[in-house]
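Report on the structure
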Amino acid sequence: MYTTMTILILVLLLASQANGQKKEKQRLQACAKVLNEILSIPEDVPKDIIDGAECVLVLPSVRKSSLLLGSSYGRGALSCRTGENFDGPWSPPAMYRLVGLSVGFQFGGQSTDFVVMVMNKKGAAAILKSKVKLGSDASVAAGPKGRTVEASTQGTLDAEMLSYSRSKGVFVGVSLSGSNLQCDEGDNEHIYNQKLNATQIVREGAVQATPEGQQLIDILKKHSPKNRSK
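Residues numbered from 1 in each chain as written. Predicted model: local features only at pLDDT ≥ 70, side-chain atom pairs only at ≥ 80, totals over all residues. Heavy atoms only, no water.

When helices and strands are tallied, the chain shows seven helices and nine strands. Considering only intrachain contacts with a sequence separation of at least 6, the fraction spanning at least 24 residues in the chain is 71%. With an accessible surface of roughly 11300 Å², the chain has 52% of that area assigned to carbon and sulfur atoms. (Helix = DSSP H or I, 4+ residues; strand = E, 2+ residues; numbered from the N terminus. Contact = heavy atoms within 4.5 Å. Areas by Shrake-Rupley, 256 points an atom, 1.4 Å probe, with all protein chains shown as cover.)

In structure tokens form, the structure reads like this:
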């Protein structure tokens, strides 16, 4: 009986792991798709912004219904440029979750995609912590739109992070101040078969990108192969 129960538990654990891996692979593919669609429209994110970003976080298909289910509002992936000065190739992605939204945020449509551009070392250091509260641990502003950033306010340009949302095909800059982001080590384990924090993945080179993670890297490389703020 004990042997049968042990085998059953092992089977259930393996099935859970396989299901988790499948979900995270699909999530990485969704991140790549969303980012490619957004960056392929020059009027959405100014080229100067993506070319000056140290890291990029993508949270695809955050659904309004998830607000009723607890604190996990959305999941996605973060990639940073490698190198001491964030001037190298894009890193393998670390998995993240959005665990809070500012009270005033209004969802539009059935789901909303979020993209956060991390614009400097201070912002990168903040988001690579286990948990960061936007607006408190790091300054965040609604990202500017258009082909250039000439019309942006100084406050926007000085922000450590710039955030955008897309719903029903409408893409806008939106402030996520008051929201919380955290690295999801459980999701990282599903992807890389070991528990890793964001710093180990994106800064220390602890793992190689999976095929699904490489899709996201390829999109970033295609649209911004070099950090032009350096």
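Attention now moves to the nonpolar core. Buried together is how nonpolar side chains tend to be arranged in soluble globular proteins. Counting 60 residues, the largest nonpolar core has Leu35, Val56, Tyr96, Met117, Ile127 and Met161 as the members making the most contacts within it. The element that contributes the greatest number of residues to this core is helix 1 (residues 2-39), accounting for seven residues. Excluding its chain neighbours within four sequence positions, the residues that come into contact with isoleucine 127 are Leu57, Leu78, Tyr96, Val118, Val132, Met161 and Leu181. (Core = buried A, V, L, I, M, F, W, Y, C linked by side-chain atoms within 4.5 Å. Buried < 20%, exposed > 50% of the residue type's maximum accessible area, 1.4 Å probe, protein only.)

Another point: the packing of aromatic side chains. Per the counting criterion, the structure on display carries zero aromatic pairs. Here the basic side chain of arginine 203 rests over the ring of phenylalanine 86, its NZ or CZ set 3.8 Å away from the ring centre. (Phe/Tyr/Trp six-rings, centres within 6.5 Å; stacked < 30°, edge-to-face > 60°. Lys NZ or Arg CZ within 6 Å of the ring centre and 35° of its normal.)

Further remarks concern the pattern of salt bridges. Taken as a whole and assessed by the stated rule, the structure comprises ten salt bridges. One salt bridge connects aspartate 184 with arginine 97, and the closest N-O pair in it is separated by 2.5 Å. Residue aspartate 184 is located in the loop between strand 9 (180-183) and helix 5 (185-192), and its partner arginine 97 is located in strand 3 (residues 94-100); the two are separated by 87 residues in the primary sequence. Using a relative accessible area of 17% as the deciding quantity, one classes arginine 97 as buried. Here aspartate 113 ties to arginine 166 by a salt bridge, and the two come within 2.9 Å at their closest N and O atoms. With aspartate 113 in strand 4 (residues 111-118) and arginine 166 in strand 7 (residues 161-167), this pair connects stretches of sequence that are 53 residues apart. An identical accessibility class is assigned to aspartate 113 and arginine 166; each is buried. Where salt bridges share partners, they join Lys33, Glu37, Asp113 and Arg166 into one cluster. (Salt bridge = Lys/Arg side-chain N within 4 Å of Asp/Glu carboxyl O.)

The next thing to look at is the side chain of asparagine 188. Checked against the element boundaries, asparagine 188 lands in helix 5. A polar contact of 2.9 Å, which involves the side chain of asparagine 188, links it to the backbone oxygen of leucine 196. (Polar contact = N/O pair within 3.5 Å; in protein donor to acceptor, adjacent residues only side chain to side chain.)

This next bit is on the confidence of the model for the chain. The predicted model of the chain has a mean per-residue pLDDT of 82, with 75% of residues at 70 or higher. Throughout residues 65-72 the model reports pLDDT below 50, and contacts reaching past four residues in sequence, or to other chains, amount to ten contacts. (pLDDT = per-residue confidence, 0-100.)

This part is about helix 5. By the burial criterion, the buried members of helix 5 are Asp187, Asn188, Ile191 and Tyr192. Each buried residue of helix 5 lies within a common arc of 120° when the element is viewed along its axis, so the set occupies one face. Among the residues of helix 5, the N-terminal cap falls to aspartate 184, whose side-chain oxygen and the backbone nitrogen of glycine 186 are separated by 3.1 Å. Immediately beyond the C-terminal end of helix 5, within one or two residues, lies asparagine 193, with a positive phi of roughly 60°. (Arc of directions from axis to C-beta.)

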